[in-house]
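Inside the fold
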Amino acid sequence: MAKYPNPMLVKASRSYDVIEAARALGRTPSTIRHWIKDGLEVLAARKPYLILGQAIRDYIRAKSASRKTPLAQDELYCFSCKAARRPRNQAVTVIAQNDKTLRLSGACTSCGCTCSRIISASKVHGFSEVFAFEGNAPSKA
């Protein structure tokens, strides 16, 4: 089971009860009930409560968006501060994740812990103008 549910697993034009929504998303009914307490809109005129598929999609997308932290061109995400921070002396280490992505890793200026960012390998030239690459710097081809 994926850590975060895929909002496209529910049909937008259909209504679901708690058990049907749980089955469609691969979650437990208690998770769906928790979402209802947390703000998922339901049609509460009668029981069993019905939930519109579009409401489930909107709820999941809103929760997903709230977990994201936008980063400026010269920032990394600090795991300790849980915020966008600049690395110390703009120095980063580049680690290849796979053929298409790289991880930039540096030390946070606020707390000294590790801060990180994943970038596309095709955009490495733009980041090389902002950061000082240490170690195995990728080719700028």
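Up top is the structure these notes are about.
A brief report on the enclosed structure follows. (Residues numbered from 1 in each chain as written. Predicted model: local features only at pLDDT ≥ 70, side-chain atom pairs only at ≥ 80, totals over all residues. Heavy atoms only, no water.)

Structural notes on the overall build of the protein
Applicable threshold: The way it works is that DSSP assigns letters per residue, a run of H or I at least four long becomes a helix, a run of E at least two long becomes a strand, and they are numbered from the N terminus. As a reference, a globule follows 2.2 Å times the number of residues to the power 0.38, and the radius of gyration itself is taken over C-alpha atoms. By definition, residues are in contact when any of their heavy atoms lie within 4.5 Å. By the counting scheme adopted, Arg and Lys are positive, Glu and Asp are negative, and His together with the chain ends is not counted. A charge is said to be at NZ when it belongs to Lys, at CZ for Arg, at CG for Asp and at CD for Glu.
Tallying secondary structure elements over the protein gives four helices and eight strands in all. Listing each helix as α and each strand as β along the protein from the N terminus yields β-α-α-β-α-β-β-β-β-β-α-β. The globule rule puts the C-alpha radius of gyration for 141 residues at 14 Å, and the 21 Å found for the protein is more than 25% above it. C-alpha extents for the protein along the principal axes are approximately 60 × 35 × 20 Å. Within the protein, contacts between residues separated by at least 24 positions form 44% of all contacts whose residues are at least 6 apart in sequence. A gap of 5 Å separates the mean positions of the 23 positive and 10 negative side-chain charges of the protein.

Some remarks on the pattern of salt bridges
Threshold: Only one rule defines a salt bridge in this text: a Lys or Arg side-chain nitrogen within 4 Å of an Asp or Glu carboxyl oxygen. Each residue is assigned to one of three classes by its accessible area relative to the maximum for its type, calculated with a 1.4 Å probe on protein chains only: buried under 20%, partly exposed between the two thresholds, exposed over 50%.
Per the counting criterion, the structure on display carries three salt bridges. Across the pair D38 and K63 runs a salt bridge whose closest N-O atoms are separated by 2.9 Å. Pair noted here: D38 is in helix 2 (residues 29–38) and K63 is in helix 3 (residues 53–66), with a separation of 25 residues, a long-range link. On the basis of relative accessibility, which here comes to 39%, the residue D38 falls in the partly exposed class. Take K63: its relative accessible area is 35%, and that puts it in the partly exposed class. R86 serves as the salt-bridge partner of D74, at 2.5 Å between the closest nitrogen and oxygen. With D74 in the loop between helix 3 and strand 3 (76–78) and R86 in the loop between strand 4 (83–85) and strand 5 (91–96), the pair connects residues that are twelve residues apart, well separated along the chain. Judged by relative accessible area, R86 falls into the partly exposed class, the value being 44%.

Thoughts on the sheet that holds strand 6 (residues 101–107)
So the rule is basically this: Being paired, for any two strands, means DSSP has found at least two bridges between them. To define axes, lines are fitted to C-alpha atoms, for helices over the stretch in contact only, and angles between the resulting N-to-C directions are given on a 0 to 180 degree scale.
Taking strand neighbours across the sheet as the criterion, the six strands line up as 4-3-7-6-5-8 in an open arrangement whose pairing is mixed. Edge positions in the open sheet fall to strand 4 and strand 8 (132–134), since each of these has one partner strand only. Each strand of the sheet is rotated relative to its neighbour by a mean of 40°, with strand direction disregarded. Pairing analysis gives three bridges linking strand 5 to strand 8, with the strands arranged parallel. Note that in strand 8 the partner of A91 across the bridge is A132.

Digging into the pairing of strand 6
Sheet topology places strand 5 next to strand 6; four bridges connect them, and they run antiparallel. Residue pairing for strand 6: A96 is matched across the bridge by L102. By the bridge criterion, seven bridges tie strand 6 to strand 7 (residues 114–120) in an arrangement that is antiparallel. When the sheet's bridge partners are listed, A107 is paired in strand 7 with T114. Joining the antiparallel neighbours strand 6 and strand 7 is a turn of six residues, in which G112 adopts a positive phi near 85°.

Examining the packing of aromatic side chains
Applicable threshold: Ring geometry is summarised as follows: Phe, Tyr and Trp rings, the Trp one being its six-membered ring, pair when their centres sit within 6.5 Å, and such pairs are stacked at plane angles under 30 degrees, edge-to-face over 60 and tilted between the two. In this analysis the charged atom, NZ for Lys or CZ for Arg, is taken to sit over a ring once it is within 6 Å of the ring centre and within 35 degrees of the ring normal.
The final tally for this structure, using the stated rule, is three aromatic pairs. Aromatic pair W35 and Y59: ring centres 5.5 Å apart, planes at 40°, arrangement tilted. With W35 in helix 2 and Y59 in helix 3, the pair connects residues that are 24 residues apart, well separated along the chain. For W35, a relative accessible area of 11% puts it in the buried group. Taking the relative accessible area as the measure of exposure, Y59 reaches 11% and is therefore buried. Centre to centre, the rings of F127 and F131 are 6.3 Å apart; their planes meet at 5°, and the pair counts as stacked. Summarising the burial analysis for this pair, F127 and F131 share the class buried. Over the ring of Y4 we find R67; its NZ or CZ atom is 3.6 Å from the centre of that ring.

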